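One letter stands for each residue in the lines below.
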Amino acid sequence: MSTTSQAAGPLQIAYTVSFPEAQAHYADIEMEIKGLAQSKLNLKLPVWTPGSYLVREFSKNVESFTAQSGSKPVSVTKTRKNVWQLNTQGLSSVKVKYRFYAFEISVRTAFIDVTHAFLSTSGMFFYPEGGLNLPSTIKIKPYKNWNKVSTSLEMVNNDPFTVKSPNYDILFDSPIEVGTQDVFDFKVGDTHYEVAMYGEANYDAERLKKDMAKVIAEEVAIFGENPNKRYVFIVHNYAKGSGGLEHLSSTVLGAARDGYAKESTYEGFLSLVAHEHFHLWNVKRLRPIALGPFDYDNENYTTNLWIAEGFTAYYDNLIVRRTQLFPVDHYFTALAGDFGIIENTPGTKIQPLSQASFDAWIKSYRPDENTINTSISYYNKGSVIGMMMDLEIINATNGRQSLDDVMRYMYNEYYKVKKRGYTDAEFKAAVEKFAGKKMDDFYRKYINGVEPLDYNKYLGYAGYHVFNENENLNLPDLGIRTVALAGGRLKVSGVLRGTSAWVDGVNVNDELVSIDGIPATDLKNLIPGKQVGDRVQVAVICDGLPLVIPVTLLKSTIVRYNIQSRTDLTPQQLAVRKKWLKI
Ligand SMILES: [Zn+2]
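Residues numbered from 1 in each chain as written. Predicted model: local features only at pLDDT ≥ 70, side-chain atom pairs only at ≥ 80, totals over all residues. Heavy atoms only, no water.

Draft legend 1. Spotlight on the coordination of the zinc ion. The zinc ion binds to the protein through H275 (NE2), H279 (NE2), E309 (OE) and E309 (OE); the donor distances cover 2.0 to 2.8 Å. Viewed at the metal, the four donor atoms of the zinc ion are separated by angles of 51 to 155°, and the geometry they form is irregular. Within one chain, the residues donating to the zinc ion are spaced in sequence as H-x3-H-x29-E. As far as burial versus exposure is concerned, H275 and H279 are alike and both buried. (Donors = N, O, S within 2.8 Å, 3.2 Å for Na, K, Ca; no water. Tetrahedral: all angles 85-135°; square planar, octahedral: opposite > 155°, others 65-115°. Buried < 20%, exposed > 50% of the residue type's maximum accessible area, 1.4 Å probe, protein only.)

Spelled out as structure tokens, the structure:
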């Protein structure tokens, strides 16, 4: 923070957003600042949006930035990629204008076309350096037929097109949807929920109201209270929409427009609802100490995304299970899927979970062809760690307590009482408190180390066991991933560590021509009739030149898990199962 630019007095800030060229994906933004008393004013734009751990350089979308005071131009100098410095010597007010290009469809980036505007606020609205605590108002001038604004920000004077924010942390955590969206609402306890549906989609609003309310009620029961009086779901329905981003009092979900009628994708949507809504506690309020107050200029490093994201991923399916809306075997299919993703990712033996979290900025959010060999997802593995800790506690307490109690205790202790984030040691201490045992060994092996997860030990507490359906198959495998090229040829897009292709040197980007003279066009059937130990000639085009690579076929290491109930359950296993899955 520079002294010249620190807000000397309370500034009054009002934005006006209009869309004269929505068809070209632009917003025109005016920022009026009154109460100036400093000689220079630095206006900044965040480089990232909380919840999505990548520096996205939103200022690349800014153009035609000008400032004036009355009718006089104010000189502007750019001093950093995301900082514009205004010469405000002798001025009491200034009006800044800029245009913002918004054409990236995702839950964490702004998007504008003639059908709607999604304003991802952290990437669009400048703030005065040193002034994150300042309130502001935002007036929306809709394009043509747009008639609604959906946001968790409060209206000003009952004008639905003018909203206000008490400070920038709230503004940057409150996306705004503008357009002709369908809106429906419902209540859970005293909290009013609004669902803003952008885009045609085959949803049944009445069914969604009932089922979303059930999901939400399960979550409120875990934490013991709902801190929001009002909460907004902004749902973007696209052909292949997906993903979600959590906020304090709202969320943005991407959904497939035809996915609501099919049971599996409908269940997936409810799981996404459960995930993002669970975040209003886990990460938005109960948070790792590094995740708030945010540094909007730089990466914010934490080793705890396996709790913030992984545990949220654990609870999303578990909560949908607990609503009893779907059969229990759906839950086990998803859980076995998580086990499979972990074990079929060679990086699980390389990167500890805590490091996966810390390096999210440069690894998880910037994947390349070797990511599968060097990294593990803190979503999948963090979710399974959540399950293991949950079962440990339930078993240790004969079904009296669970991970729910840890989450509620941590929420009360750190968000409400201490009013700060938790450290690694504090979270571990809370798990130990409820498990009634030290977790040093668990952390050494599974959080800070890369030892194989002992699924059956923990599932066994609830009378289940998992087995690898591929265990006794002695199938050969090349160990490559491919993408299809025009003309039917396959290009190698990944080579898995330790496999035949890895050992004998098949390269990423090689175009497969044939294997032992047979055209290699069908990935599922590349090596028909071959046995483990056979030597095959893999003909490829490597950097434009033909090359033949002799490859000795190794046994496939791909696992496929299946979870089954044991018979002859003990009373303790039954008690654990009941507590865990509500069955
Ligand atoms: Zn999440």
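Once the structure has been displayed, the description carries forward.
Draft legend 2. Here's a closer look at unusual backbone geometry. Omega for the peptide link from G292 to P293 comes to -10°, which places this bond in the cis form. Within the element layout of this structure, P293 appears in the loop between α3 (263-278) and α4 (305-322). Although it is not a glycine, E57 adopts a positive phi angle of roughly 55°. Take E57: it is sitting in the loop between β3 (40-44) and β4 (62-69). One non-glycine residue with positive phi stands out, namely V283, at about 115°. (Helix = DSSP H or I, 4+ residues; strand = E, 2+ residues; numbered from the N terminus.)

Draft legend 3. Region of the structure containing the nonpolar core. In this structure, F19, I385, M387 and W580 are the most contacted members of the largest nonpolar core, which totals 150 residues. Not counting chain neighbours up to four residues away, the residues in contact with F19 comprise Y26, A27, I112, A117, L119, I140, K141, P142, Y143 and W146. Counting 18 residues, the second-largest nonpolar core is a separate cluster that includes L478, V495, A501 and V551. (Core = buried A, V, L, I, M, F, W, Y, C linked by side-chain atoms within 4.5 Å. Contact = heavy atoms within 4.5 Å.)

Draft legend 4. Spotlight on the packing of aromatic side chains. Per the counting criterion, the structure on display carries 55 aromatic pairs. Their ring planes at 25° and their centres at 5.4 Å tell us that F103 and F111 sit as a pair that is stacked. Exposure remark for F103: the relative accessible area of 44% places this residue in the partly exposed category. By relative accessible area, F111 is classed as buried at 6%. Through successive ring pairs, a cluster of aromatic residues spans W48, Y53, Y127, Y168, F172, F294, Y296, W361 and Y365. K433 extends its terminal NZ or CZ atom over the ring of F434, reaching a point 5.8 Å from the ring centre. (Phe/Tyr/Trp six-rings, centres within 6.5 Å; stacked < 30°, edge-to-face > 60°. Lys NZ or Arg CZ within 6 Å of the ring centre and 35° of its normal.)

Draft legend 5. Broad picture of the packing of helix α8 (residues 380-396) against helix α14 (residues 571-581). At a minimum axis separation of 10 Å, α8 and α14 run at an interaxial angle of 130°. Looking at the two axes, α8 sits oblique to α14. Judged by the twist between their axes, the crossing of α8 over α14 is right-handed. Contacts between α8 and α14 involve M387, D390, L391, I394 and N395 from the former and Q572, V576, K579 and W580 from the latter. The residue makeup of the contact of α8 with α14, split by class, is five nonpolar, two polar and two charged. (Axes fitted to C-alpha atoms, helices over the stretch in contact; angles between N-to-C directions. Parallel < 35°, antiparallel > 145°, perpendicular 65-115°, else oblique. Left-handed = near helix turned anticlockwise from the far one by under 90°. Nonpolar A, V, L, I, M, F, W, Y, C, P; charged D, E, K, R; others polar.)

Draft legend 6. Region of the structure containing the packing of helix α9 (residues 403-418) against helix α10 (residues 424-435). The geometry of α9 relative to α10 is characterised by a closest axis approach of 10 Å and an angle of 135° between their N-to-C directions. With respect to each other, α9 and α10 are oriented oblique. Note that α9 runs across α10; the crossing there is right-handed. Where α9 approaches α10, its residues D405, V406, M407, Y409, M410 and Y414 are matched on the opposing element by E426, F427, A430, V431, K433 and F434. Partitioning the contact of α9 with α10 into residue classes produces nine nonpolar, no polar and three charged.

Draft legend 7. Molecular detail of the pattern of salt bridges. Scanning all chains against the criterion turns up 27 salt bridges. The residue D28 makes a salt bridge to R99 at a minimum N-O spacing of 3.2 Å. Residue D28 is found in strand β2 (residues 26-34), and its partner R99 is found in strand β8 (residues 93-101); the two are separated by 71 residues along the sequence. R99 sits in the buried class, given a relative accessible area of 17%. Notably, a salt bridge pairs D440 with K428, separated by 3.4 Å at the nearest N-O pair. Taken together, the residues D440 in helix α11 (residues 440-447) and K428 in helix α10 connect sequence positions twelve residues apart. According to the relative accessible area criterion, D440 is partly exposed, its value standing at 41%. A residue is classified by how much of its surface remains accessible, and K428, at 16% relative accessible area, is buried. Each of K428, E432, K438 and D440 takes part in salt bridges that share partners, so that together they form one network. (Salt bridge = Lys/Arg side-chain N within 4 Å of Asp/Glu carboxyl O.)

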